[in-house]
Amino acid sequence: MNDIAPARWKWVGTRPIRPDGVPKVTGRAMYGADMAMPGMLWGKVIRSPHAHARIRSIDPSRALALPGVKAVVTAADFPDQKFAYVGPERVQQNAWHITRNVMAREKALYEGHAVAAVAAIDKATAEEAAALVDIDYEVLPHVIDVDEAMKPDAPLLFEDMITRGIEPAPTKPSNIAKRVEFTIGDMAAGFAAADEIVEKEFKTAAVHQAYIEPHACIARVDEDGQVEIWGSSQGHFQIRAMTANLLGMRVGDIRVYPAEIGGGFGGKTIVYLEPVATLLAKKSGRPVKLVMSREDVFKATGPTSGASMRVKIGVKKDGTITAAEGMFNYQAGAFPGSPVMNACMCGFAPYNIANVHTIGYDVVCNRPKSAAYRAPGSPISAFGVESVLDMLAKRIGMDPLELRLKNAARPGTQTVYGPKMSHDGYAETVEALVNHPAYKTPLGPNQGRGVASGYWFNGGGESSASVQVNEDGTVIVATGSPDIGGSRASMALMAAETLGVDYGQIRSIVADTASIGFTGVTGGSRVTFATGMAVIEASKKVVDELRARAALIWDVDVDGVIWEDGQAKPASSNVGDFPPMPLKELAAKKALTGGPITAAASVNAGGMAPGFSTQFCDVEVDPETGKVTILRFVAAQDVGCAIHPSYVEGQIQGGVVQGIGWALNEEYIYDKNGRLDNPGFLDYRVPVSSDLPMIDAVLVEVPNPAHPYGAKGVGEVNIVPPMAAIANAIDSAIHRRLTELPMSPPKIRAALDHAGADD
């Protein structure tokens, strides 16, 4: 664990107070719904009450006749988009689908699907007007479950959808949008070499990211067509790009200001409201505010996929895994794009297995379009893979951590999806738990211990930053990365370290799209790595400029000046006998030595290292009620270098908590008409503090050599192991294998009542 900074670093690895902490705890921070403007109108989105329905007509005349109503928009106000998949295959997007998710066109494809929107002088009038928009629906048969949606006779969401990824292409349409497949080795030989083989089917429910802050934004449009948008998101450059694309505008005509964000976890990387608010503002000539209700959030924004899967793994008696196979069926929701490809790539990635075969199916059904949720796709496949590994460990009488350590992926291990592993880190997380004092703690009746591991790619990509030195020696660090996990503090720490100045001298901010260079979304565990590299590069440029200013003052060559501890110093006595010149002194003389001291840097960062996590938990199962109590949870994660250890620990603990909810309580529940029964926190049960133990976050630090301070992404892999770890612990406690999430009390009671249940 890292509780103190390495000796060579003064700031990186320390735990200062976060720059945005005081405004947030005092309620002064401005979130999306906090914004207001003179002359502002309130918008209201009208949503389909049906899971699947053809839209015959929309008549807004009664709404427009209501005093105070200023505009109504429907899909007819949006330009249609070319049908084309764009971008790398793993994260492809299709604007034809996106525009229909923002506003239903031919059909409403899920309950809550946006169909129209109104803008009026106040919230009450907008809600009254929304009820006056007349929409004629032809209700159609619907399908909710992924396995049902894959059947040949299932109701079709798109009558012309032909499965991609199959050669030759099918001739009959289906709800299977895409098939992906990866293979290495010889599967038949691998399974023939196994002494024990376990094959099991699993099922997971769709769960929501459950961020506390609903989606919200304000848009205004000037007479010259210039647009300004204020809103909470994980990527305001993404909002700008998608809004421009969907409305047929130039990117440069849109400026997006980032508000604070009250949680996202992947669910705020796409647009729902911003194009609608912009169109309403354009039509009405006044700023328009749109805020989702909690019910809207659950019904209309992306949960992660529910899934069904079959996992088969073979091992020798000595614990060597000889072959592994997985088939994963993922709900995409109403439009293609589930993270099933990630499932195929991540499921077996922690392990060195010579023979691996994965197949994935991306399946549309009458649910809201799935969105990213913390290591999207990986937690679901890990639930199946890590459960089967636990069954095998018990079959051969081997400690589950020893089984994982024996087969740990290391540099040079071939992945099923192509490249060879280039980083250590996984085995170290397993060893951290093997050596953890709690791992050997005795357990009591109805108690069990479960182990699981997980993998996530981690991201790099495009980021920008600027660093400017003020005349009093304070420093402004600006980036384009919304702060959802303490990144402002991390940026300030890396800038302070690079500049050699006190952390308290740095002010770290998130700039709007017109004030900083392009920056990708805050997602994929990329910000501290990629945006941090931009901050470091800009800080280095400032250091070079400060050296040049000192050289000018001393009338020496710049190569004769070094920068140490925030001061310019002569490189040697041969240069001259000059007293050190600190940044504050150089800043005060900036007007006399060349003007403002500022620098910018943009990167397209490569060299990112994957994330590995191994966790164990102890549970107690009440045999009468089926209630599971988490007694202990220990999570070890390779974090590269913990730039700010407290926030790294917080990321790990947060991912574990969400995994506990996913494992035990959370699920979307639909009635027979395809309507969501639990669209609110009263009935959609997320963990609260009384449900949780203290979570021991173990920071394993295997530095990434591609980053100046060794950083790796830390935000996502922590959610991958908990569901399997809890399932394995429950099996150890009651000797019943649960294969369906959530493992709620009724399911556990049913398993206890089923005397024939086994592995």
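All values derive from a computational prediction rather than experimental measurement. (Residues numbered from 1 in each chain as written. Predicted model: local features only at pLDDT ≥ 70, side-chain atom pairs only at ≥ 80, totals over all residues. Heavy atoms only, no water.)

Our next topic: the overall build of the protein chain. Check the secondary structure of the protein chain and you find 20 helices and 28 strands. For 759 residues, the compact-globule estimate of 2.2 N^0.38 gives 27 Å, and the C-alpha radius of gyration of the protein chain, at 27 Å, lies within 12% of that figure. Along the three orthogonal principal directions, the C-alpha set of the protein chain runs to about 85 × 75 × 50 Å. A buried classification covers 60% of the 759 residues belonging to the protein chain. Within the structure as shown, the protein chain displays about 28,100 Å² of accessible surface, and the carbon and sulfur contribution to it stands at 52%. (Helix = DSSP H or I, 4+ residues; strand = E, 2+ residues; numbered from the N terminus. Rg over C-alpha atoms; globule rule 2.2 N^0.38 Å. Buried < 20%, exposed > 50% of the residue type's maximum accessible area, 1.4 Å probe, protein only. Areas by Shrake-Rupley, 256 points an atom, 1.4 Å probe, with all protein chains shown as cover.)

Residue Glu167 is joined to Pro168 through a cis peptide bond whose omega torsion reads -5 degrees. Within the secondary structure layout, Pro168 lies in the loop between helix H5 (146-149) and strand E9 (176-184). Here the bond from Leu741 into Pro742 is cis, since omega is -5 degrees, no more than 30 degrees from zero. On the secondary structure map, Pro742 appears in the loop between helix H19 (722-734) and helix H20 (745-753).

With that settled, the discussion passes to the pairing of strand E23 (residues 567-570). Direction of pairing for strand E22 (residues 561-564) relative to E23: antiparallel, over a ladder of four bridges. Residue pairing in the sheet places Val561 in a bridge with Pro570 of E23. With antiparallel pairing between neighbouring strands as the criterion, E22 and E23 make up a hairpin whose turn holds two residues, including Asp565 at a positive phi of roughly 55 degrees. Pairing geometry for E23 and strand E24 (residues 581-582), over two bridges, is antiparallel. What sits directly across from Gln567, in E24, is Pro582. (Pairing = 2+ DSSP bridges.)

The strand order across the open sheet built from seven strands is E3-E7-E1-E14-E11-E12-E13, with neighbouring strands paired in mixed fashion. Each edge of the open sheet is held by one strand with a lone partner, namely strand E3 (69-74) and strand E13 (254-258). Going across the sheet, the axis of each strand differs from the next one's by a mean of 20 degrees, ignoring polarity. Alignment of E3 against strand E7 (residues 114-120), held across five bridges, turns out to be antiparallel. (Axes fitted to C-alpha atoms, helices over the stretch in contact; angles between N-to-C directions.)

What follows deals with the pattern of salt bridges. Applying the stated rule across the entire model yields 46 salt bridges. Here Lys24 and Asp20 are joined by a salt bridge, their closest N and O atoms 2.7 Å apart. By relative accessible area, Lys24 is classed as partly exposed at 25%. Looking at Asp20, the relative accessible area reads 4%, which means it is buried. One salt-bridge network, in which partners are shared between bridges, spans Arg18, Asp20, Lys24, Glu260, Asp483 and Arg488. (Salt bridge = Lys/Arg side-chain N within 4 Å of Asp/Glu carboxyl O.)

Here we come to the pairing of strand E19 (residues 461-469). Among the nine residues of E19, seven are classified as buried, and the element is accordingly described as predominantly covered. Here E19 runs beside strand E20 (residues 475-479); their pairing, made up of five bridges, is antiparallel. The residue of E20 that forms the bridge with Val467 is Val477. Between E19 and E20, which pair antiparallel one after the other, the connecting turn spans five residues, and Gly473 there sits at a positive phi close to 90 degrees.

This paragraph deals with the packing of helix H11 (residues 378-396) against H19. For any two helices packed against each other, one specifies the crossing angle of their axes together with the interaxial distance. One way to put it is that H11 packs onto H19 with a least axis distance of 8 Å and a crossing angle of 35 degrees. In the crossing of H11 with H19, the sense of the turn from one axis to the other is right-handed. Only Met723, Ala724, Ala727, Asn728, Asp731 and Ser732 of H19 make contact with H11, whose side of the interface consists of Pro379, Ala382, Phe383, Glu386, Ser387, Asp390 and Lys394. In terms of residue class, the contact of H11 with H19 is made up of six nonpolar, three polar and four charged. (Left-handed = near helix turned anticlockwise from the far one by under 90°. Contact = heavy atoms within 4.5 Å. Nonpolar A, V, L, I, M, F, W, Y, C, P; charged D, E, K, R; others polar.)

Time to look at the sheet that holds E22. Here three strands make up an open sheet; going across it, the order is E22-E23-E24 and the pairing antiparallel. The strands lining the two open edges of the sheet, one partner per strand, are E22 and E24. On top of the sheet, helix H15 (residues 527-554) reaches E22, E23 and E24; it is set at about 130 degrees to E22, its chief contact.

What follows concerns the side chain of Gln651. Checked against the element boundaries, Gln651 lands in helix H18 (residues 645-664). By relative accessible area, Gln651 is classed as buried at 18%.

A word on the packing of aromatic side chains. Considering all chains together, one arrives at 23 aromatic pairs under this definition. An angle of 85 degrees between the planes, with centres 5.3 Å apart, marks the rings of Trp9 and Tyr709 as edge-to-face. Remark: Tyr709 occurs in the loop between strand E28 (695-700) and H19 and Trp9 occurs in the segment before helix H1 (21-25); sequence separation between them is 700 residues. Judged by relative accessible area, Tyr709 falls into the buried class, the value being 9%. Ring centres 5.4 Å apart and planes at 70 degrees place the aromatic pair Phe237 and Phe518 in the edge-to-face group. You can see Phe237 sitting in helix H7 (residues 236-247) and its partner Phe518 sitting in the loop between strand E21 (506-510) and H15, a full 281 residues away along the chain. Taken together, the ring pairs connect Tyr351, Tyr417, Tyr426, Tyr455, Trp456, Phe457 and Phe612 into an aromatic cluster. (Phe/Tyr/Trp six-rings, centres within 6.5 Å; stacked < 30°, edge-to-face > 60°.)

Our focus in this paragraph is the nonpolar core. With 109 residues, the main nonpolar core has Val311, Ile313, Val619, Leu664, Ile726, Ile730 and Met743 as its most contacted residues. It is H11 that contributes the most residues to this core, ten residues altogether. Among all residues touching Ile730, those that are not within four sequence positions of it are Val619, Val621, Val628, Leu664, His735, Arg736, Leu738, Met743 and Ile748. (Core = buried A, V, L, I, M, F, W, Y, C linked by side-chain atoms within 4.5 Å.)

What follows concerns helix H3 (residues 95-102). Taking burial as the measure, the eight residues of H3 include eight buried ones, the bulk of the element. Those residues of H3 that sit buried are Ala95, Trp96, His97, Ile98, Thr99, Arg100, Asn101 and Val102. Those residues of H3 that are buried are in contact with strand E4 (85-86), strand E5 (93-94), E7, H7 and helix H8 (274-284). Capping the start of H3 is the job of one residue whose side-chain oxygen sits 3.0 Å from the backbone nitrogen of Trp96: Asn94. (Polar contact = N/O pair within 3.5 Å; in protein donor to acceptor, adjacent residues only side chain to side chain.)

Moving on, we get to H11. With 19 residues, H11 should cover 27 Å at 1.5 Å per step; its first-to-last C-alpha distance of 26 Å lies within 8% of that length. Count one or two residues on from H11 and you reach Gly397, which has phi positive near 70 degrees. (Expected span 1.5 Å × (residues − 1).)

Tracing the backbone shows Tyr351 in the loop between helix H10 (340-346) and strand E17 (356-364). On a C-alpha basis, the gap between Tyr351 and Asp502 in space is 43 Å, while along the polypeptide they are 151 residues apart. Not counting residues within four places of it along the chain, the set of residues in contact with Tyr351 comprises Glu386, Leu389, Arg404, Asn407, Ala408, Ala409, Thr413, Tyr426 and Ser453. A distance of 2.7 Å separates the side chain of Tyr351 from the side chain of Glu386, its partner in a polar contact. Of note is the side chain of Tyr351, whose polar atom sits 3.4 Å from the side chain of Tyr426.

As a further point, take the packing of H7 against H8. Direction vectors running N to C along H7 and H8 enclose 55 degrees, while the axes themselves pass 9 Å from each other. Accordingly, the angle class assigned to the pair H7 and H8 is oblique. Where H7 crosses over H8, the two elements pack in a sense that is right-handed. Counting all contacts with H7, which are made through Ile239, Thr243, Leu246 and Leu247, the residues of H8 involved are Glu274, Pro275, Thr278 and Leu279. (Parallel < 35°, antiparallel > 145°, perpendicular 65-115°, else oblique.)

Coordinates in, geometry out; function isn't part of it.
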